[in-house]
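Read off the chains here:
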Amino acid sequence: QPSKNLDIKFNYAKVGRTPNIAELFADGLHHSAAIIEVGNMGIKNEDGNQFNLNIDGKMNVLDGLRVTLNPYLFITKNFITEVPTGIQNTIRGVFPVWSYKQIDAKMYGLDVDAQLKVNDHFEYRGNFSYINGEDQTNDQPLILMVPTNFANSLEFKNEQWKNFYFKVQQQTFLQQKRFPVYNPTINIFENGVEVEKTLDLSTPPPTYTLWSVQTGFDFNKHFSAGLNVTNLFDTNYKDYLNRMRYFSYETGRNIIFNIKYNF
């Protein structure tokens, strides 16, 4: 603790993980993910080293501003991953095949959180996240890494107005530019002629931004009410980590109204 406004913490962890049953024995259709999974009985235990640095401090630039920086590094041998390896016809339809494999991997990134109390009623919060994953065995980017993203929110509170609050939040996910290419080919018939097509299972979806609002207040000491609207502008978007993105968009505008009674 170099000063009363600055905390620095460093952590090292030796981590290990045994493969789960699916990673070892999966051999068939995954009903929720709409893929055929193939396990690998030769998978060994994961063995990794994790380094974390946490820097938390109040900034003198703006009174009430607190910033937290968290750079990290994760190096692992025998990292268990799952990648597309082909296409398979079944009596239930045609499905992509994903197989479990083991590689040496390295991941490093940075998380940034900021909090600013503007005054007694307004508070700002922001965060930023970046991660870089590398498949060192095949010298290519690691599959299904969270794309760079950032969020900002501004909240108004007034306890004298029956604990009334109103919050606006924005969240942006950039397009993932670092990804491996696993695009199997499939033969289909067009106008009675068999042709070969490439099935794109690799390209990440484009950048998207989501807005949400929350508000609420207390009727009395027992009753409170709230309203939460996510994806306010009904944006069509796809999440890179959701394999159902091959079939549909994510949830559109969602409105939740709640009343709570405290005993």
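Residues numbered from 1 in each chain as written. Predicted model: local features only at pLDDT ≥ 70, side-chain atom pairs only at ≥ 80, totals over all residues. Heavy atoms only, no water.

**Some remarks on the overall build of the protein chain**
To keep it simple, the criterion reads: The helix count covers DSSP runs of H or I at least four residues long, the strand count covers runs of E at least two residues long, and both are numbered beginning at the N terminus. What makes two residues a contact is simply this: any of their non-hydrogen atoms within 4.5 Å. Surface exposure here means Shrake-Rupley accessible area, sampled with a 1.4 Å probe, where a residue is shielded only by the protein chains that are shown.
From N to C terminus, the protein chain includes one helix and 15 strands. Structurally, the protein chain occupies a C-alpha span of about 70 × 50 × 35 Å along its principal axes. Long-range contacts, defined as pairs at least 24 residues apart, comprise 60% of the intrachain contacts of the protein chain with a sequence gap of at least 6. A total of about 16500 Å² of accessible surface is found on the protein chain, and carbon and sulfur atoms cover 54% of it.

**Thoughts on the pairing of strand β13 (residues 208–218)**
Our working definition: Strands are labelled as partners when DSSP assigns at least two bridges between them.
Pairing geometry for strand β10 (residues 164–173) and β13, over nine bridges, is antiparallel. Residue Q169 lies in a different strand from β13, and its bridge partner there is S212. Note that β13 and strand β14 (residues 223–230) share six bridges and pair antiparallel. When the bridges of β14 are listed, Q214 appears paired with N228. The hairpin formed by β13 and β14 contains four residues between the paired strands.

**Focus on unusual backbone geometry**
A positive phi angle, near 60°, is found at N78, a position not held by glycine. Structurally, N78 is set in strand β5 (residues 65–90). The phi dihedral of N231 falls on the positive side, at around 50°, and the residue is not glycine. When you line up the elements, N231 lands in the loop between β14 and β15 (254–261).

**Details of the pairing of strand β9 (residues 149–158)**
As defined by bridge partners, strand β7 (residues 122–135) adjoins β9 across eight bridges and the pair is classed as antiparallel. Its bridge partner being in β9, F122 is matched across the sheet by F156. Of the strand pairs in this sheet, β9 and β10 are connected by 10 bridges, and their pairing is antiparallel. For F150, the partnering residue across the bridge sits in β10 and is T172.

**Observations regarding the nonpolar core**
Where we set the bar: As used in this record, nonpolar core signifies buried Ala, Val, Leu, Ile, Met, Phe, Trp, Tyr and Cys residues forming a set joined through side-chain atoms within 4.5 Å. Burial status follows relative accessibility: with a 1.4 Å probe on protein chains alone, a residue under 20% of its type maximum counts as buried, one over 50% as exposed, and anything between as partly exposed.
Among the nonpolar cores identified, the biggest contains seven residues, and these are F74, F79, I103, A105, M107, L142 and M145. Taken together, the elements giving at least two residues each to this core come down to β5 and β6 (93–117). Ranked by residues supplied to this core, first place goes to β6 with three residues. Apart from the residues within four sequence positions on either side, F74 is in contact with V15, G48, N49, Q50, A105, K106 and M107. Among the nonpolar cores identified, the runner-up in size contains six residues, and I35, V83, W98 and Y240 belong to it.

**Here we look at the pattern of salt bridges**
How we decide: Any carboxyl oxygen of Asp or Glu that lies within 4 Å of a side-chain nitrogen of Lys or Arg is treated as forming a salt bridge with it.
Scanning all chains against the criterion turns up nine salt bridges. For E46, the salt bridge goes to R17, with nearest N and O atoms at 3.2 Å. With E46 in strand β4 (residues 46–58) and R17 in strand β1 (residues 6–17), this pair connects stretches of sequence that are 29 residues apart. Since its relative accessible area comes to 11%, E46 is described here as buried. When its relative accessible area of 32% is taken as the criterion, R17 is described as partly exposed. Put simply, R66 and D56 hold a salt bridge, and the shortest N to O gap is 3.0 Å.

**What about the packing of aromatic side chains?**
Where we set the bar: In this scheme Phe, Tyr and Trp rings, the latter by its six-membered ring, pair at centre separations within 6.5 Å, and the angle between planes marks the pair as stacked below 30 degrees, edge-to-face above 60, and tilted otherwise. Distance and angle both matter: a charge sits over a ring if NZ of Lys or CZ of Arg is within 6 Å of the ring centre and within 35 degrees of the ring normal.
If you walk through the whole model with that rule in mind, you get 10 aromatic pairs. A connected cluster of aromatic rings, assembled from ring pairs, spans F122, F156, W161 and F164. Here the guanidinium or amino end of K238 rests over the ring plane of Y249, the centre of that ring lying 4.9 Å away. Sitting over the face of the ring of W98, R243 holds its NZ or CZ atom 4.5 Å from the ring centroid.

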